[in-house]
Structures are given as structure tokens and as C-alpha cells.
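# Structural overview
Each chain, written out:
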2 protein chains.
Amino acid sequence: MAGQDEAREHEPWSAFRQALLNDGMLVATGVDGVYGRSSDYEAVAAAVDRLAVAAGGGQEVVSLRFPPVMPWEVFRANGYLESFPDQMGSIHTFRGDERGHAELVRRAESDEDRSDLLATTDLVLCPAVCHPLYPTQSGSLPEGGRLAEVTGWCFRHEPSRDPFRMQAFRQHDWVYLGSPEGAREHRDRWLTIGAEVLTSLGLPVEQVVANDPFFGRPGRMLAANQRMEELKYELVTPVFEEGRPTAISSSNCHLDHFGRPFAITTADGDVAHTSCFGFGIDRITLALMDRHGTDVLEWPAPIRSMLWP
Amino acid sequence: MAGQDEAREHEPWSAFRQALLNDGMLVATGVDGVYGRSSDYEAVAAAVDRLAVAAGGGQEVVSLRFPPVMPWEVFRANGYLESFPDQMGSIHTFRGDERGHAELVRRAESDEDRSDLLATTDLVLCPAVCHPLYPTQSGSLPEGGRLAEVTGWCFRHEPSRDPFRMQAFRQHDWVYLGSPEGAREHRDRWLTIGAEVLTSLGLPVEQVVANDPFFGRPGRMLAANQRMEELKYELVTPVFEEGRPTAISSSNCHLDHFGRPFAITTADGDVAHTSCFGFGIDRITLALMDRHGTDVLEWPAPIRSMLWP
């Protein structure tokens, strides 16, 4: 039945999705936007990730890895709850007794709502890979600020059958913490570096002003303001037959959005500004497959030798 | 204040935990059992993961990677909800309007219960790395069964300050799907291979019969049965000054527990049996640090050359 549904789809991404599934690059799990990945897919993703690291040129940086879950308290303090509640993955568990458990199992079997039997924990899924970093950087930064790189799994609750819109995906972020000028410079520098990396992989990119999908009416104003101040840029590449511009990397100037709640200060004692540039590891992997095909062995030699020198 | 709490701790793991945090191997996040990892820690974890792959000796296998979230339906169908409800990470999100959102933000700020404002999704955190594999293997297996390897993030809601008991951690599993005899042979073979890998890293291990922490009174019977039938073995290594036996790898014979709900059959048309052997990537990394210290450069040369040949 899923096959029939898919055959009926005539979205711009339908053929690409079908090729990824048919060729076993992605494996459907039954939930839109959540896939298993083949070893070929992962080999590309790992190679892209290595390029994302190498692009830093071996600078001394803070290098940290966080699990896919992070404290609710960080989520609340950094404003994500206010701006993107509909994208959250709040982690709940069962704290009841055997009787409650029997009722939970019964409801699961009859597909009745179970939410009131499950209690919140102090965790959420990490929505952006740099978020868990900031609370660990509280205190005074060195002169000139600090550079950090983080990578890991992100979650956004936005089910879609478009392979480019996954619910669970990986980012590799280069983050700066320091002065307002330093944050802008970092953003500009990494937009250039990122474009070079992507172009070297045969992915033409354009730099465009963008906004995040803020929630509700106040969110529309926040989004407009973000665009007006040019706080967010995306590197977009054309995908599918019609060349739909699709973001595969992005940069954000956060101003003091993270510095303030987590008490990060510059060497001069000012509230730190931060900015980040993120390589969208899964999106870049997908864009490569859209452009060069799902048979990695058939990719152009220059692309292969960039990925696997 | 956290520092004072920690100074007061006199648990067997207190000194080890403090060393990991002081030396920056792990970074506290404010939630017990959820840590950031340093690049040194990750270098060891990645090396252990490579050894877990290499231990397969280059056999033709199904190799898949799944994200940290998996379908609720898989969780329900494979019996985890019945057996381990208190360990689940059920993923909820906000589906309300702006008014509900304002109330959610208010409750978050005043630290009131928010669970009734959040709705279930069709996802849970993956509790064991092999679970998302089985539903993708529905249908008839080849003669002799099938071998698969999977790795990724697992979640179990069991907050603890013992570093060996993380809520979010990585496993690397070798899975067999096929006949009952094949499943036992796989288990036995991999207990031997696993012990060799761990011993080569300077970790003495002992093979012990074990059980999973099944929930409630019926769970006690399930656990007793699991031990009696010797379905679960752990490879334990002594850690801390007192040499507490700590599982760093384990194997499970699942009988037809996964074959039945996911309609996996042998070439002969019988319901498939499955078994798995899992390297506990984070636990092995921690055991190495407990035994050889937190300064990776000072580890014995033979251990270093095993990890980084």
C-alpha cells in the first residue's frame, strides 16, 4: 500500500525519494522524515563530515560532542520553547505503577491517547547541534573570543515525505563566541569557506538571506526582523529537475541570544555575541545524490577524490 | 554548588566521575547521565567502534545506521512498552495555538507541570540499537540466515551519577537473523570474539549470565526465566578501586521475539530467531579510562597501537 501511495505522488521530490528507497540509500521506517541509512550513504556523510572538520584548517578549537538529548532547562533558557514550540521533541516517560502500566499497554493496543499516562522528564531532543554548547561556555572568554566545533544529531518535528526535510538529521557547526564584530567576521568567513567546500563537491551554491520558522503571529515579526537585519544566511543549491533552491548549509548571527542567558562574557566583561556556520551533513549528502546519482561508484572522479583523497 | 555536592559523594564511582569532569573528558550538562564528550574521549570511542567493525572480519553483511529516534509502532510491537515502560523516552510535541503556547511558556517559567499541553508523536527514542533493524528485515531470509551490523545512539531513562550508567549512549551491535541454532551459534561466536577484542585492549573480562530490568512483578518472572534459559550474557570487567564487575558488552538470544511481530522467516518458512552481540561503545571507552587513566597519551603503547594502528 505504501508503494501505491508513492506511485501516486507527483511532488517535485517524488522521483528522488523513490530512487533513494529503491536503491537502498535510505530505508523507510514507517514514519515520514525518519530513515535508516545504507553504508554507502553513511560513507558519503562521513566524508562530508571530514571535509567540514578539515575546513577549519587545523585551528585550535574547543571540540565537543553532545548526545541527541539535552536538558529541558537549556531549551527553555535559550528561547527555543518561545520561538519553535511546534518543532520540539519533548521526552516523556512512564512513572506509574503496575496498574497504570496495564492501562498504558491497553491504550497502546487500542490506539487511544496515552499522553496523560506519560510524565515529562528534564530532557528534550536537541534541535540544533550548537545549543548544548553554550551553557558549557559560561564565564569569561579569552581575548579575541573562542572558536568551537560541534557535530551531532538534531531533531525537528516537521514530518514530510521530502527527503530533504528529515525529522532527525546531522549538522556540523563552527561556532564563534566573542565580540559583536568577531561574530560577524566569523559568519562572513565561514559563508565563504562553506561555499568553497560545497562548490568543490560539484554543488553550485548561492548565498541568500533567510529566516527561521518562528511560531505564531509574534513569530512573523521575529522572522521579518531576522531577514531585515540579515542575521541568517543560507547556502542554497538547486535540486530536482526544476532546480528548487534548497538550503544545505546556513549561518546565524545570534547577537547576545545565547551569551545573555548563559552568562558568557568577553574578556572586556561584555555579554558575548555568538554566531555559527552549520554544514547540513544529511542535506549535503542528499544534494550530492540528487546531482551525481545514487550509485556512488559512478560519481565523477574529481568529486570522489575530494571525498576520499 | 554542584561542586560541593560532588565533594560530599562517597560512592564507588565518585572519584572516577570527578576525574572525568576535571580532566574535561566528559562535560556536565546539568542532567545526570547526559554528558558532552571531549575530542579525546571521542577519539577513543571512534577507535573502539572501528575495532567493533573490524571484528566482523570483512564478512558480507547488512550494514545500516538509524537515527536516535524510531517509530512508536516498532516500540509497541516489539514488546518494549510491556517490559521496560519506565525506561522509555516517548517524544511529545506542541500542537496547540498561540493561547496554548502562552500557557506553555508560563508553566515552563513557573516550573509547573506541562505534560498535558504536549501531545504524543509517532516516535520514541531508540532504546537498543538493533530494534529499528528488525522491521526492515520482514520477509524471507536467505539460506543460512543473515548477518547485520548496526550502530548508533540509545536512550534509557535511568538517571544516575555513575558515569557507567548514562541515559544516552552508543552501542555497536552484530545481529543474526535465521534459525534457532544459528542464533545460538552467533551468540557463542561473538561472545568469544568480543572477549578477544576487549582483552586486547587490556580489559580483563568475565562472561556472566544476566537479565534485563523487566518492569513490575511479572517482570521478575521474565527476568528469572531469562537467566534460567541463559538468554542474556554480559562481558563484565572490574572497575574502580574495589573492582566492581561492570558490563561493557552483552549478547541476547531473542528466540522469536522479533521474528514473530515483524514477520521475518527463514528460508524454510519458519519464524526467524534472532540474536545480537553489542559492544557498549561508551562503557568500553569509560572502562579504558578507569583502567589506563584519563590522559590518553599516557596509555600503554600496546593499547594505543591496538586503537590507532
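Residues numbered from 1 in each chain as written. Chains lettered and ligands numbered in written order. Predicted model: local features only at pLDDT ≥ 70, side-chain atom pairs only at ≥ 80, totals over all residues. Heavy atoms only, no water.

Let us now look at the sheet that holds strand β2 (residues 35-38) of chain B. One open sheet holds the 9 strands; their spatial order is β10(A)-β11(A)-β12(A)-β14(A)-β9(A)-β8(A)-β3(A)-β2(B)-β1(B), and the pairing between them is mixed. Whereas interior strands pair on both sides, the edge strands pair on one side only; in this sheet they are β10 (206-210) of chain A together with β1 (26-28) of chain B. Strand-to-strand, the axes of this sheet are offset by a mean angle of 30 degrees, without reference to chain direction. Across 5 bridges, β10(A) lies against strand β11 (residues 232-239) of chain A in antiparallel orientation. Bridge pairing in β11(A) links Val209(A) to Tyr233(A). Sheet strands touched by helix α3 (residues 39-54) of chain A: β8 (146-155), β9 (168-178) and β14 (273-280) of chain A. Its angle to β9(A), the strand with the most contacts, is close to 5 degrees. (Pairing = 2+ DSSP bridges. Helix = DSSP H or I, 4+ residues; strand = E, 2+ residues; numbered from the N terminus. Axes fitted to C-alpha atoms, helices over the stretch in contact; angles between N-to-C directions. Contact = heavy atoms within 4.5 Å.)

Turning our attention to the interface of chain A and chain B. With 61 residues of chain A in contact, the opposing surface of chain B contributes 61 residues. In this assembly, chain A packs against chain B so that about 5,200 Å² is buried in total across both faces, 69% of it on carbon and sulfur atoms. At the surface where chain A touches chain B, the tally comes to 2 salt bridges. Glu98(A) is the partner of Arg217(B) in a salt bridge, and the nearest nitrogen-oxygen pair spans 3.1 Å. Where chain A packs against chain B, one counts 17 residue pairs in polar contact (both at pLDDT 80 or more). In terms of residues, the side of chain A that touches chain B owes the most to one element, helix α6 (residues 98-109) of chain A, which gives 6 residues. Residues of the side of chain A that touches chain B, tallied by class, amount to 28 nonpolar, 19 polar and 14 charged. Sheet topology places strand β2 (residues 35-38) of chain A next to strand β3 (residues 62-65) of chain B; 2 bridges connect them, and they run antiparallel. Opposite Ser38(A), over in β3(B), you have Leu64(B) as the bridge partner. (Buried area = accessible area lost by both parts, 1.4 Å probe. Salt bridge = Lys/Arg side-chain N within 4 Å of Asp/Glu carboxyl O. Polar contact = N/O pair within 3.5 Å; in protein donor to acceptor, adjacent residues only side chain to side chain. Nonpolar A, V, L, I, M, F, W, Y, C, P; charged D, E, K, R; others polar.)

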